[in-house]
Amino acid sequence: MRIALLTEGGYPYVRGESALWCDRLVRGLDGHEFAVYALSRSARQEWTGCREVPPNVARVRTAPLWGPEPAAAYAGVRRLTWGSYGRREKQRFRECFEVLAEAVCGADPDRPGSDGPGRGRPGADRSAAERPAAAGAPEGGISSARPPAPAQADRFAAGLYGLAELAAERGGLAAALRSESAVRILESACRAPGAMPAAHAAQVCDLLAVTDKLERALRPLSLDWYGQRGGEAGLSEADLCHAVGAGPAALPGLWAKRTFGVPLLITEYGVRLREHYLASAAGAVARGVVGAPVRALLASFQRRLAREAYAQAHLITPGNTHARRWQERCGADGARLRTVYPGMDPTPFDAVGEQAAHLPPPGGPRTTGAPTLVWVGTPGPAKDLDTLLYAFARVRETVPTARLRIVERADPRGTRPVDRTPGASADADGVPAAGGTDRPGGPREGAGELGAGGYRAHCRALAARLFPVAPPGVESAVAFEELGGAAAPTLADAYALGGVAVLSSAVEGFPVPLVEAMFCGRAVVSTDVGAAPEVIGGTGCLVPARDPRALADACVALLRDPARAARLGAAARARALELFTVRQNVEAFRGIYRELAQRPAEALRQPAAGDAGNAGDAGDAGDAVPLARTPESHLMRGRAATGARLPGDPAADTAAGGPAVPGADGRRPAGRSGRRAAGARPAAGNSPHVPSWARPDRGPRESAAGPHPVERAAVGAEPGEGRTP
């Protein structure tokens, strides 16, 4: 299969757990051919460079979501200005952007189904142009006395795809989205009756900030990734678009699905909308950030984009139940959700974990040293080390010999230069447009009023106040260590410093430190946040967040009973090896890819505009015979041309009066051609998608003996222009 991997702020850039997960996935599925389409969030991220990709990555394309539009930032690329648009094109833009702005500014409670019946349910994932547009037209039994509720949700999709079609024809949207006309349209939508209260308070500076953020968020629609103007086929020849997140990374997949019928798979380990909310909340208490109207409008845009992405995706794979609940809250159909835990490599922890797996005799001590708690991570307000230090003060009252070792990971942002590109400072800091994280577990650590460096100093001052300096020759109650130092050269050595691992976070997504501690065979005590309950299961202790007394009681119980802590640690290691390894993650996606590839094209195809009367009947496509199109089906083309038939040939069975199997003869459906003609406009509806292995015009697989060139996409560039290695 040819897989288009769509990322935002992750792979193939060097840093981040998300990039590491994608790299493991691509290397594990070496039988598939990948093309990586990456969106970078800041100049800092691009400064780190790209990691070396495996041989099965045919190409890597990158584009920035920060700074000015690429057409204005790089020489040799045609720059489109608002004045270069014709009168009709300007009118089309105004109409489409007005619809989009009205949907973004409109009040919309954040609950599933608030957009009306049919949203987030099977059979309701048709794109805007394929749904009835008339407000008074009855649909699916809805009375014509009131407008059907889905019409309000369709406004966002109609505006989004209208802008995408204009970008495909005109070569870019940057100049139009930054024009005075766009600002005036957004202002009218904010002042219109029915707009959200926060939008009414938007000032001119807020409107300028929102249009700037919208231009960056919608920038993927203007890229030359789709093969629409000749040259490289791009996403049009992909068998599957795999988007890591339902934010801007999903936009190329949405347009490829609508235009070429390419199936869309969305994977989220940290829900993009949740990350945006957390980044906006962190920015609200910092100095020099945008106001409430900007945060509200951008949150509305992210919410509606996530709903559209979930509605159009054929399958959604959340990384945990916590993320799944967020997706369902945003309107995702539960029937399309399939939890796939992120995979981690247990090999670096095997030596410590196998040693801890040897249980002590009943009632016997596990270690002869002082009972020790260990915390590993990057200090930040979300990690709530204040609660941990106050809880440890209570632990010392009961277990006076107890020790606490805090092992700090280096903040990766501290080693990168500050981005001085005009207009990139806000995104580089992650507030509020970029938001999110490079980790699959949640928002960036250390974000907030204090910052990473200030919070470290705050924690050290609090520890010095709670635990006076020990006399010479006596070990301090609390010790701060640096990962990579003499005390903790590796992560495994860090967890080996203590018998019980603690996680005191107030906000968390997928708790990676908990899994690392479980690989090391350590009993864990964690706050009940994020995905911690399903990660631990019954192999550790859960306490409420920001409760020092409960945290202290759980730690004391394990420190006083080493045998119980050893049993819990062994059970935790067994659970982690069963659920959270790279192997289980890769095998899960191998099966998902195979499942989507084996579905007949008719099962993946969305109802066309003429099928509106049968929109609620999803069983026609679902009744197609599984595995009807086999990898060898393209060999039957020659036999079909000569009239020859083999025994058991589905075409022969059909001629004999047997049941017809859609696509069994391997012929390319008439609704989709292998390549689009230069300058051709995309079709209004979806067309059946034919996998690459079933097409006779598939080219030979590219060899990758050396590193693959990384090409930067150019907004408004003609084929061969504006690409820099």
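What this report covers is the structure whose coordinates are included nearby. Residue numbers run consecutively from 1 along every chain, following the written order of its sequence. Side-chain atom pairs in this predicted model are given and counted only at pLDDT of 80 or more, local residue features only at pLDDT of at least 70, and totals for whole chains, interfaces and linings cover all residues. The basis for the side-chain values is all heavy atoms of the structure; hydrogens and waters are excluded.

A closer look at the nonpolar core
As a rule of thumb, soluble globular proteins bury nonpolar side chains together.
So, step 1. In plain words, nonpolar cores are sets of buried Ala, Val, Leu, Ile, Met, Phe, Trp, Tyr and Cys residues tied together by side-chain atoms within 4.5 Å. Here the term buried applies to any residue with accessible area under 20% of the maximum for its type, exposed to any over 50%, and partly exposed to those in between, with areas from a 1.4 Å probe on protein chains only. Counting 78 residues, the largest nonpolar core has Phe-97 and Leu-218 as its most contacted members.
So, step 2. Only DSSP runs of H or I reaching four residues or more are called helices, and only runs of E reaching two or more are called strands; each is numbered from the N terminus. Ranked by residue count, the leading element in this core is helix α5 (residues 150-170), at 9 residues.
So, step 3. A contact between two residues is defined here by any heavy atoms of the two lying within 4.5 Å. In this structure Leu-218 touches Leu-100, Leu-160, Leu-163, Leu-177, Leu-251 and Phe-301, once residues within four positions along its chain are discounted.
So, step 4. Core analysis: the next-biggest nonpolar cluster, separate from the first, contains 34 residues, Trp-375, Tyr-455, Cys-459 and Ala-565 among them.

Remarks on the sheet that holds strand β9 (residues 478-482)
So, step 1. When DSSP locates at least two bridges between a pair of strands, those strands are taken to pair. Strand order in this open sheet of 6 strands is β9-β8-β7-β10-β11-β12, and the pairing throughout is parallel. Two strands bound the open sheet, and with one partner strand each, they are β9 and β12 (540-543). Neighbour-to-neighbour, the strand axes of the sheet open up by a mean angle of 20 degrees, direction not taken into account.
So, step 2. The pairing of strand β10 (residues 500-503) with strand β11 (residues 523-527) spans 4 bridges and is classified as parallel. Each residue of the ladder has a partner; that of Val-500, found in β11, is Ala-523.
So, step 3. For every element, the axis is a line fit to its C-alpha atoms; helices are fit only across the contacting stretch, and the angle between N-to-C directions ranges from 0 to 180 degrees. Relative to the sheet, helix α21 (residues 548-559) contacts β7 (372-377), β10, β11 and β12, its axis offset from that of β11 by approximately 175 degrees.

Thoughts on the packing of helix α15 (residues 385-398) against α21
So, step 1. α21 packs onto α15 with a crossing angle of 50 degrees between their chain directions and a minimal axis gap of 8 Å. Taken together, the axis directions place α15 and α21 in an arrangement best described as oblique. Along this stretch, α15 crosses α21, giving a crossing that reads as right-handed. Only Pro-548, Arg-549, Leu-551, Ala-552, Cys-555, Val-556 and Leu-559 of α21 make contact with α15, whose side of the interface consists of Thr-387, Leu-388, Tyr-390, Ala-391, Arg-394, Val-395 and Thr-398.
So, step 2. Taken together, the residues of the contact of α15 with α21 sort by class into 10 nonpolar, 2 polar and 2 charged. Each angle receives one of four descriptions, namely roughly parallel if under 35 degrees, roughly antiparallel if over 145, roughly perpendicular if within 65 to 115, and oblique otherwise. Two helices cross in a left-handed way if the nearer one is turned anticlockwise from the farther one by less than a right angle. They cross in a right-handed way if the turn is clockwise. Note that Gly is not counted as nonpolar here; it falls among the polar residues with everything else outside the nonpolar set of Ala, Val, Leu, Ile, Met, Phe, Trp, Tyr, Cys and Pro and the charged set of Asp, Glu, Lys and Arg.

What to know about the packing of helix α10 (residues 250-260) against helix α12 (residues 292-312)
So, step 1. In the contact formed by α10 and α12, the axes pass within 10 Å of each other and the chain directions differ by 45 degrees. In terms of axis orientation, α10 runs oblique to α12. By crossing handedness, the relation of α10 to α12 is classed as left-handed. Where α10 abuts α12, its residues Ala-250, Leu-251, Leu-254 and Lys-257 lie against Leu-305, Glu-308, Ala-309 and Gln-312.
So, step 2. Considering only residue class, the contact of α10 with α12 consists of 5 nonpolar, 1 polar and 2 charged.

With respect to the pattern of salt bridges
So, step 1. The salt bridge criterion pairs a side-chain nitrogen of Lys or Arg with a carboxyl oxygen of Asp or Glu, the two atoms within 4 Å. Using the criterion set out here, one finds 24 salt bridges in the structure.
So, step 2. Residues Glu-169 and Arg-92 are paired through a salt bridge, measuring 2.8 Å at the closest nitrogen-oxygen approach. Placement of Glu-169 in helix α5 and of Arg-92 in helix α4 (residues 87-105) is noted, with a sequence separation of 77 residues between them.
So, step 3. Of the charged contacts, one joins Glu-587 and Arg-590 as a salt bridge, the two residues approaching to 3.4 Å between their closest N and O atoms.

Remember, this is a structural readout, not a statement about activity or role.
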